[in-house]
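Geometric and topological summary
One-letter residues, chain by chain:
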Amino acid sequence: MSESSVERGPVRPATLDSPSRPSVVVKADLLPAVPVLVVVGLLGLPLGWLWSRLAPPERVLVQDGKQFIPLQWESWHRFDDLAIYGLLGLAAGVCTGAAVWLLRQRRGPVVMIGATLGAVLSAWLGTRIGVALANSHYALAGAPVVNSVIDTAPRVESLWVIVAQPLATVLTYGLAAAWNGRDDLGRRPG
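None of these values were measured; they are calculated from a predicted model.

Some thoughts on unusual backbone geometry
Phi is positive for Asn147, close to 70°, though the residue is something other than glycine. When you line up the elements, Asn147 lands in the loop between helix H4 (109–137) and strand S3 (149–152). Overall, Asn147 belongs to the exposed group, its relative accessible area being 55%.

In structure tokens form, the structure reads like this:
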């Protein structure tokens, strides 16, 4: 038999064998995401302490009936207190997102969600601890004298500042994932 008389099957076009796309590993990443959540959440303790030391107090004049009247331009420190905590939260979020990205064995959405929830916990805990530490730092020893000027503790008047840290965490992690461009995000097996 000649080669021309042998029937061959249909001719298939040449294709590259593409490896299967990596899938999200939920069960394997769920357990490591819990310590990430806890460690990032505990970051709120030093964050609150640092804010309580950096935030400026508001100087007020004591009037009759223990009424506090802010001195001129001093009421702007209420915004300063909020802005300082927001900037600290943004910085902590960027550092958190970058640090969690460096966990190559566990890169993916599960660990990112754990880090984001930890950042929410950290921001909430930081506001509570920071205000408590600031109140103890600027506590009055006795009843203030009428017409005296005293410092009142800084305070966080809007809880919207809690959004800064998790937002920065997600944006940093997402930017690193987008920059990576690999389907498996550069995960190391193991």
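So, the environment of Tyr85
Here Tyr85 is to be found in helix H3 (residues 77–101). Separated by 30 residues in sequence, Tyr85 and Ala55 have C-alpha atoms that sit 8.1 Å apart. Beyond its immediate stretch of four places on either side in the chain, Tyr85 contacts Leu47, Trp51, Ser122, Ala123, Gly126, Thr127 and Val161.

Quick notes on the nonpolar core
Grouped together as the largest cluster of nonpolar side chains are 13 residues, with contacts concentrated most on Leu47, Trp51 and Tyr85. Of all the elements in the fold, those that place two or more residues in this core are helix H2 (44–54), H3 and H4. With three residues, H3 is the largest single contributor of residues to this core. Sequence-distant contacts of Trp51, that is, excluding residues within four places in its chain, are made with Asp81, Ile84, Tyr85, Leu88, Gly130, Val131, Ala134, Pro154, Arg155 and Val156. Of all hydrophobic cores here, the second largest spans nine residues; its members include Val36, Val100, Val111 and Ala119.

Considering the pairing of strand S1 (residues 58–63)
Residues Glu58, Val60 and Val62 of S1 are buried on one face, while the alternating residues Arg59, Leu61 and Gln63, pointing to the opposite face, are not. Here four bridges tie S1 to S3, and the two strands are oriented antiparallel to one another. Pairing of Val60 across the sheet is with Ile150, part of S3. When S1 meets strand S2 (residues 67–70), the two strands line up antiparallel, connected through four bridges. When the bridges of S2 are listed, Leu61 appears paired with Ile69.

Let's talk about H3
The end-to-end C-alpha separation of H3 is 36 Å, in line with the 36 Å expected for 25 residues at 1.5 Å each. Taken together, the buried positions of H3 are occupied by His77, Asp81, Tyr85, Gly86, Leu88, Gly89, Ala92, Gly93, Thr96, Gly97, Val100 and Trp101. Residues of H3 that are buried make contact with helix H1 (26–42), H2, H4 and helix H5 (164–180).

Remarks on a nonpolar patch on the surface
A contiguous nonpolar surface patch, about 330 Å² in accessible area, is contributed by Val34, Val38, Leu42 and Leu45. Here Leu45 is to be found in helix H2. In this structure Leu45 comes out as partly exposed when scored by relative accessible area, which is 38%.

Re the environment of Leu125
Tracing the backbone shows Leu125 in helix H4. Counting along the chain gives 83 residues from Leu125 to Leu42, while the straight-line C-alpha distance between them is 8.0 Å. Those residues within four positions of Leu125 in sequence are excluded, and the remaining contacts are Gly41, Gly44 and Leu45.

Section: the packing of aromatic side chains
Considering all chains together, one arrives at three aromatic pairs under this definition. An angle of 80° between the planes, with centres 6.3 Å apart, marks the rings of Trp51 and Tyr85 as edge-to-face. In this pair, Trp51 sits in helix H2 while Tyr85 sits in helix H3, placing the two residues 34 residues apart along the sequence. The exposure class assigned to Trp51 is buried, which follows from its relative accessible area of 0%. Given the relative accessible area of 1%, Tyr85 is considered buried. Where Trp73 meets Trp76, the ring centres are 4.9 Å apart and the plane angle is 80°; that geometry is what we call edge-to-face. Trp76 shares its class with Trp73; the two are exposed. Sitting above the plane of the Trp101 ring, Arg107 keeps its charged end 3.9 Å from the centroid.

What counts, and where the lines are drawn
- Per-chain numbering applies: the sequence of each chain, read as written, is numbered from 1 onward.
- Where totals are concerned, whole chains, interfaces and linings use all residues; where local detail is concerned, this predicted model gives features only for residues with pLDDT of at least 70, and gives and counts side-chain atom pairs only at 80 or more.
- The basis for every side-chain value is the complete set of heavy atoms in the structure, and neither hydrogens nor water enter the calculation.
- Where helices and strands are cited, they refer to DSSP runs of H or I of at least four residues and of E of at least two residues respectively, numbered from the N terminus.
- Each residue is placed in one exposure class: buried if its accessible area under a 1.4 Å probe, protein chains only, is under 20% of its type's maximum, exposed if it is over 50%, and partly exposed if it falls in between.
- Here a residue-residue contact requires only that any non-hydrogen atoms of the pair lie within 4.5 Å.
- Throughout, nonpolar core names a set of buried Ala, Val, Leu, Ile, Met, Phe, Trp, Tyr and Cys residues whose side chains join them through atoms within 4.5 Å.
- For two strands to be treated as a pair, DSSP must find no fewer than two bridges joining them.
- The length a helix should cover is 1.5 Å for every residue beyond the first.
- A patch consists of residues whose relative accessible area exceeds 30% and which take part in no salt bridge; residues with like charges are grouped when within 9 Å of each other, and nonpolar side chains (Val, Leu, Ile, Met, Phe, Trp, Tyr) when within 5 Å.
- All accessibility values rest on the Shrake-Rupley procedure with a 1.4 Å probe; residue burial counts only the protein chains present in the view.
- Within this document, salt bridges are pairs made up of a side-chain nitrogen of Lys or Arg and a carboxyl oxygen of Asp or Glu, the two lying within 4 Å of each other.
- Any two of the Phe, Tyr and Trp rings considered here, Trp counted by its six-membered ring, make a pair once their centres fall within 6.5 Å; the pair's planes then place it as stacked at under 30 degrees, edge-to-face at over 60, or tilted in between.
- Our definition puts a charge over a ring when NZ of Lys or CZ of Arg is within 6 Å of the ring centre and also within 35 degrees of the ring normal.

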